[in-house]
Amino acid sequence: MRIVLVGPPGAGKGTQAAFLAKNLSIPHISTGDLFRANISQGTELGKRAKAFISEGNLVPDEVTIGMAHDRMTQPDAANGFLLDGFPRNVSQAEALDELLKSDSQKLDAVLDLEVPEDEVVERIAGRRICRNDSSHVFHVTYSKPKVEGVCDVCGGELYTRGDDKEETVRKRLDVYHRETEPIIDHYKAQGLVVTISALGKVDEVTKRAMEALKGDK
Ligand code: AMP
């Protein structure tokens, strides 16, 4: 299956993507993770992306689309993938349509995770992520690690993303409404959108998502 995951920052896209990708045996491709890996490795791409990310803005399309396409054409993605955080505006969605078409592929579904706005800021402000694996996500109130600052899964150090501070979160939400939300209409016109509520326990949301995707096949 080829799936795009959409939803505002804090909807739980990264957490859900990791479980869904595992259940569906397809790679989880997160452009945010790819950027963060490039930044920590000090690559040219990372240097170009860094300022945009720390200010909560989108990285320019000419950097993002090539990076996403490179990853989508790796051998492990030959039979499908779950895109998390890409496309993030209509021109990226149009570019993805073209890239898939030229590879004789198409999307199967666009999973839209809905969450109320006031919930989002609280979720993000308390979010702590493992340095070893960004799919190991905790929350200071809702999903506390057994030992503060330490990942339950692998013992890695937990940290707060630089762009998770409240001011930047509000900016990212603004960018989401202005730039990313219109892709939902773009994909509705193709009959691809399934919307689910992202409220509730992580495993409940995963179950809801799997049922929605199955119903869509
Ligand atoms: P995420 O981990 O998906 O929340 O992404 C973190 C940041 O990376 C975003 O706020 C953007 O600055 C940047 N980013 C991730 N994906 C994209 C994309 N598809 N287009 C442009 N910027 C992106």
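Computed from a predicted model, the values in this text were never measured in an experiment.

J.: Would you explain the site of the ligand in this entry?
T.: If you check the shell around the ligand, you find 16 residues, and the closest are Thr 31, Arg 36, Asn 57, Gly 85 and Gln 92. In this structure, a nitrogen atom belonging to the ligand sits 3.0 Å away from a main-chain N or O atom of Val 59. Relative to its free-state accessible area of 480 Å², the ligand is covered by the protein chains to the extent of 95%. With 4 residues, the top contributor of residues to the shell around the ligand is helix H2 (residues 31-41).

J.: For this particular structure, what's the right way to read the pattern of salt bridges?
T.: Two side chains with opposite charge may pair up if their charged atoms get near one another. For the structure shown, the criterion picks out 11 salt bridges. Taking the shortest distance from any N to any O, the salt bridge between Lys 47 and Glu 44 comes out at 3.4 Å. Of the two residues, Lys 47 and Glu 44 both sit in helix H3 (residues 44-54), 3 residues apart, roughly one turn of that helix. Judged by relative accessible area, which is 57%, Glu 44 ranks as exposed. Residues joined by salt bridges that share partners form a network here, namely Arg 127, Arg 161, Asp 163, Asp 164 and Arg 172.

J.: Please explain the sheet that holds strand S4 (residues 109-114) as it appears in this structure.
T.: Pairing in this open sheet of 5 strands is parallel, and the strands run S2-S3-S1-S4-S8 from one edge to the other. Both outer strands of the open sheet, strand S2 (28-30) and strand S8 (193-197), are each paired with one neighbouring strand and no more. The average angle at which neighbouring strand axes cross in this sheet is 25 degrees, direction not considered. Packing against the sheet, H2 makes contact with S2 and strand S3 (81-84), and its axis sits at approximately 65 degrees to S2.

J.: Even after reading the chapter, I still don't get the nonpolar core, so can you show me in this structure?
T.: General note: in soluble globular proteins, nonpolar side chains tend to be found buried as a group. Grouped together as the largest cluster of nonpolar side chains are 26 residues, with contacts concentrated most on Ile 3, Leu 20, Leu 82, Leu 111, Leu 113, Ile 196 and Leu 213. Element by element, the count of residues in this core is highest for helix H9 (residues 202-216), at 5 residues. Aside from chain neighbours lying at most four places away, what touches Ile 196 is Leu 111, Asp 112, Leu 113, Glu 114, Val 205, Arg 208, Ala 209 and Ala 212. Core analysis: the second largest hydrophobic core is formed by 22 residues, Val 4, Ile 29, Ile 184 and Val 193 among them.

J.: What is the right way to read the packing of H2 against H3 from this model?
T.: Packed helices, taken two at a time, are described by the angle between their axes plus the distance between the axes. Put simply, H2 and H3 touch, their axes get as near as 8 Å, and they point 115 degrees apart. For the element pair H2 and H3, the recorded crossing hand is left-handed. Contact with H2, carried on its side by Phe 35, Asn 38 and Ile 39, involves Leu 45, Gly 46, Ala 49, Lys 50 and Ile 53 of H3 and no other residues of that element. Of the residues that constitute the contact of H2 with H3, the class distribution is 5 nonpolar, 2 polar and 1 charged.

J.: Explanation requested: the packing of helix H6 (residues 117-125) against helix H7 (residues 166-180) in the structure shown.
T.: Two numbers describe how H6 lies on H7: the axes approach to 10 Å, and their chain directions differ by 135 degrees. Between H6 and H7, the angle is such that the two are oblique. Here H6 runs over H7; the crossing is right-handed. Taking contact as the criterion, the partners of Glu 117, Val 120, Val 121 and Ile 124 in H6 are, on H7, Glu 166, Val 169, Arg 170, Arg 172, Leu 173 and His 177. For the contact of H6 with H7, the residue count by class is 5 nonpolar, 1 polar and 4 charged.

Quick notes on the rules
- Residues numbered from 1 in each chain as written.
- Predicted model: local features only at pLDDT ≥ 70, side-chain atom pairs only at ≥ 80, totals over all residues.
- Heavy atoms only, no water.
- Near = heavy atom within 4 Å.
- Polar contact = N/O pair within 3.5 Å; in protein donor to acceptor, adjacent residues only side chain to side chain.
- Areas by Shrake-Rupley, 256 points an atom, 1.4 Å probe, with all protein chains shown as cover.
- Helix = DSSP H or I, 4+ residues; strand = E, 2+ residues; numbered from the N terminus.
- Salt bridge = Lys/Arg side-chain N within 4 Å of Asp/Glu carboxyl O.
- Buried < 20%, exposed > 50% of the residue type's maximum accessible area, 1.4 Å probe, protein only.
- Pairing = 2+ DSSP bridges.
- Axes fitted to C-alpha atoms, helices over the stretch in contact; angles between N-to-C directions.
- Contact = heavy atoms within 4.5 Å.
- Core = buried A, V, L, I, M, F, W, Y, C linked by side-chain atoms within 4.5 Å.
- Left-handed = near helix turned anticlockwise from the far one by under 90°.
- Nonpolar A, V, L, I, M, F, W, Y, C, P; charged D, E, K, R; others polar.
- Parallel < 35°, antiparallel > 145°, perpendicular 65-115°, else oblique.

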